[in-house]
2 protein chains.
Amino acid sequence: MNVLIVHAHPEPQSFCASMCSVATEVLQAQGHTVVVSDLYRQGFNPVASADDFGTRKNPDYLTYALEQRSAYEAGSIDPQIRDEIEKVKACDLLILSFPLFWFSVPAMMKGWIDRVFISGIFYGGKRIYAQGGMRGKKAMLALTLGGREDMLSAGGVHGELAAMLKPLTQGTLGYVGMDVLPTFAAWHVPYLKPEARAALMEQWRAHLAPGFEGAEPLKLPDLTLYDDAFRRKG
Amino acid sequence: MNVLIVHAHPEPQSFCASMCSVATEVLQAQGHTVVVSDLYRQGFNPVASADDFGTRKNPDYLTYALEQRSAYEAGSIDPQIRDEIEKVKACDLLILSFPLFWFSVPAMMKGWIDRVFISGIFYGGKRIYAQGGMRGKKAMLALTLGGREDMLSAGGVHGELAAMLKPLTQGTLGYVGMDVLPTFAAWHVPYLKPEARAALMEQWRAHLAPGFEGAEPLKLPDLTLYDDAFRRKG
């Protein structure tokens, strides 16, 4: 597989950054090709704005999604965005590597999604979920967090982690047609002693054991239940 | 009330921007004081990084939340962040005004949350939900989106909007102790004819009718069910 790891953590020595390095090593050892977009290191700009487009279809009023589509087709989209789009197009598996900030991705990674997952080739009209533009590719979240697993579970104080991640798993990766593999959550990282951190890294290696890409993906909404305007049938 | 509207939309003429203006007018007419943080206009930097801190408690390894707390206390946090923190502290009601990007806030607003909702005065240890640092304040989401209400409902293709917003409502605003008022969602905005847009704006005014701040807030997790380490009792 061609694997793209998009990584966003403000501390280069973080456990999250080590997970990214370990994933690269493990996946390469399995014969996969790995490309890493380290957004902080690249100085990626996360702000979606009119500046993303060299020429504008409508210079008087910005409809961001429409300009994404036309600027990409015209070749006038910000080269920083274009390069990331080409990396996603070339990959078979996309891994998002990040620390959980406010039960979501850091702004740096949200901006990568906002700017790179463009209308047109990623999605558009009826081309979502099983019909999404990126169908055939796989995706996975690999995140670090301070909380313990019991705090983000059914009956836990915050409820289930999977529910908090729904905008990312279903609403972003699944939305564009990717098969969403099981999330790897590295729990309680800032509070772990070295031995526990080492054990956690072994869990991450085990999560990526040969054949991991064959795991059952997240169940996405069944488009056959809806008509062409996404109205429920029957 | 002192009302803080934090607004993030890349198009100054958007319906979302008009909602922000209308809210300002309506709330001032009710005798409230309104402050607007227009993040795109302010050129707000959404990237949480080591650059946010003039002096570092630990210059060798960035634990962002710990540095937030100590830099704020030491008066060495980025003045752009400090100013926003003071606005939140001074408000009785916080309104987040934004277009829904990938079932969440745009990166610009996510970065405002990442950088401004600092450890220490907003939350910390057991100070979350009903014990959160911002208890006594209210909050509301006011968002625009392309989808129709039936697409984001029980049985709809994407499931319920409230579930997609959980990281923001419960996981951010509620987490720091704010009472989260009912969300206003302006559905299907890009596809509406002028008359329908005008009717939608009237719905927004009605949402803000006198006494709106007394609406039943979102039910948050009940901390009495958990011990001091957030483990479920009994």
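Residues numbered from 1 in each chain as written. Chains lettered and ligands numbered in written order. Predicted model: local features only at pLDDT ≥ 70, side-chain atom pairs only at ≥ 80, totals over all residues. Heavy atoms only, no water.

Concerning the overall build of chain A
The helix and strand inventory of chain A stands at eight helices and six strands. Secondary structure elements of chain A, listed N to C terminal, follow the sequence β-α-β-α-α-α-β-α-β-α-α-β-β-α. The dimensions of chain A, computed from C-alpha atoms along their principal axes, are 55 × 50 × 35 Å. Per-residue burial for chain A yields a buried fraction of 56% across its 234 residues. Intrachain contacts of chain A at a sequence separation of at least 6 include 75% that bridge at least 24 residues. For chain A, the exposed surface amounts to about 9,600 Å²; the carbon and sulfur share of it is 52%. Of the charged side chains in chain A, 23 are positive and 25 negative, and the gap between their average positions amounts to 5 Å. (Helix = DSSP H or I, 4+ residues; strand = E, 2+ residues; numbered from the N terminus. Buried < 20%, exposed > 50% of the residue type's maximum accessible area, 1.4 Å probe, protein only. Contact = heavy atoms within 4.5 Å. Areas by Shrake-Rupley, 256 points an atom, 1.4 Å probe, with all protein chains shown as cover. Lys, Arg positive; Asp, Glu negative; His and termini not counted. Charge placed at Lys NZ, Arg CZ, Asp CG, Glu CD.)

With respect to the pairing of strand β4 (residues 138–144) of chain B
Residue and element names in this part refer to chain B. In terms of residue burial, β4 counts as a mostly covered element, since six of its seven residues are buried. In this sheet, β4 lies alongside strand β3 (residues 93–99) in parallel orientation, the contact comprising seven bridges. The residue of β4 that forms the bridge with Leu94 is Ala139. You can see the chain leave β3, run along helix α5 (residues 107–116) and come back into β4, and the turn it takes is right-handed. By the bridge criterion, two bridges tie β4 to strand β5 (residues 179–180) in an arrangement that is parallel. Bridge pairing in β5 places Ala139 opposite Val180. (Pairing = 2+ DSSP bridges. Right-handed = clockwise from strand over helix to strand, strands pointing away.)

Some thoughts on the environment of Arg82(B)
All names here are of chain B. If you trace the backbone, Arg82 turns up in helix α4 (residues 79–90). Taking C-alpha positions, Arg82 is 28 Å from Thr144, a pair spaced 62 residues apart along the chain. The contacts of Arg82, once residues within four sequence positions are left out, are Tyr72 and Ile77.

Here's the deal with unusual backbone geometry
In this model, Phe230(A) sits at a positive phi of 60°, which is unusual for a non-glycine residue. On the accessibility criterion, Phe230(A) (11% relative accessible area) is buried. In the Ramachandran plot, Trp102(B) falls in the positive-phi region, its phi being about 55° despite a non-glycine side chain. Looking at where Trp102(B) falls in the secondary structure, it is placed in the loop between β3 and α5.

Points about helix α1 (residues 15–29) of chain B
All names here are of chain B. Between its first and last C-alpha, α1 extends 21 Å over 15 residues, near the 21 Å set by a 1.5 Å rise per residue. All of the buried residues along α1 are Phe15, Cys16, Ala17, Met19, Cys20, Val22, Ala23, Thr24, Val26 and Leu27. As for α1, its buried residues are in contact with β1 (2–7), β2 (33–38), β3, β4, β6 (184–186) and α8 (194–207). Trailing α1 by a residue or two, Gly31 shows a phi angle of about 95°, which is positive. (Expected span 1.5 Å × (residues − 1).)

With respect to the interface of chain B and chain A
Between chain B and chain A, the contact holds 54 residues from the first and 54 residues from the second. Summed over both partners, the interface of chain B with chain A comes to about 4,300 Å²; 62% of that surface belongs to carbon and sulfur atoms. Three residues, Trp102(B), Lys110(B) and Val157(B), lead the burial of chain B against chain A; their summed loss comes to 18% of the area buried on that side. Inspection of the chain B/chain A interface yields zero salt bridges. At the boundary of chain B and chain A, one finds 26 residue pairs in polar contact (both at pLDDT 80 or more). For the side of chain B that touches chain A, the secondary structure elements donating two or more residues are α5, α6 (161–164) and α7 (166–174) of chain B. Among the elements that line the side of chain B that touches chain A, the one with the most residues is α5(B), at six residues. Its residues assigned to classes, the side of chain B that touches chain A comprises 32 nonpolar, 12 polar and 10 charged. (Buried area = accessible area lost by both parts, 1.4 Å probe. Salt bridge = Lys/Arg side-chain N within 4 Å of Asp/Glu carboxyl O. Polar contact = N/O pair within 3.5 Å; in protein donor to acceptor, adjacent residues only side chain to side chain. Nonpolar A, V, L, I, M, F, W, Y, C, P; charged D, E, K, R; others polar.)

Brief notes about the pattern of salt bridges
Residue and element names in this part refer to chain A. Under the counting rule described, the total for this entry stands at 24 salt bridges over all chains. Residue Lys126 pairs with Asp228 through a salt bridge whose shortest N-O separation is 3.7 Å. Taken together, the residues span a long stretch of sequence, with Lys126 in the loop between α5 (107–116) and β4 (138–144) and Asp228 in the segment after α8 (194–207) at a distance of 102 residues. You can call Lys126 partly exposed: its relative accessible area is 43%.

Considerations on the UniProt feature "domain: Flavodoxin-like fold" (unreviewed entry) in chain A
Sequence positions flagged by UniProt for "domain: Flavodoxin-like fold" (unreviewed entry) are, in local numbering, residues 1–208 of chain A. In residues 1–208 of chain A, the share of helix is 38% and the share of strand is 15%. The end C-alpha atoms are 13 Å apart. (UniProt positions renumbered as here; feature names shortened; annotations may be inferred.)

Description of the packing of aromatic side chains
The tally for this structure, following the rule as stated, stands at 22 aromatic pairs over all chains. Seen from their ring centres, Trp102(A) and Phe117(B) are 5.7 Å apart, and the 90° between their planes marks the pair as edge-to-face. Residue Trp102(A) is found in the loop between β3 (93–99) and α5, and its partner Phe117(B) is found in the loop between α5 and β4; the two belong to separate chains. Given the relative accessible area of 12%, Trp102(A) is considered buried. Here Phe117(B) falls in the buried class, since its relative accessible area comes to 1%. By the ring-pair criterion, three or more aromatic residues cluster together here, those being Trp102(A), Phe103(A), Trp112(B), Phe117(B), Phe122(B), Tyr123(B), Tyr129(B) and Tyr175(B). Across the ring face of Phe44(A), the terminal group of Arg115(A) is positioned such that the distance to the ring centre comes to 5.3 Å. (Phe/Tyr/Trp six-rings, centres within 6.5 Å; stacked < 30°, edge-to-face > 60°. Lys NZ or Arg CZ within 6 Å of the ring centre and 35° of its normal.)

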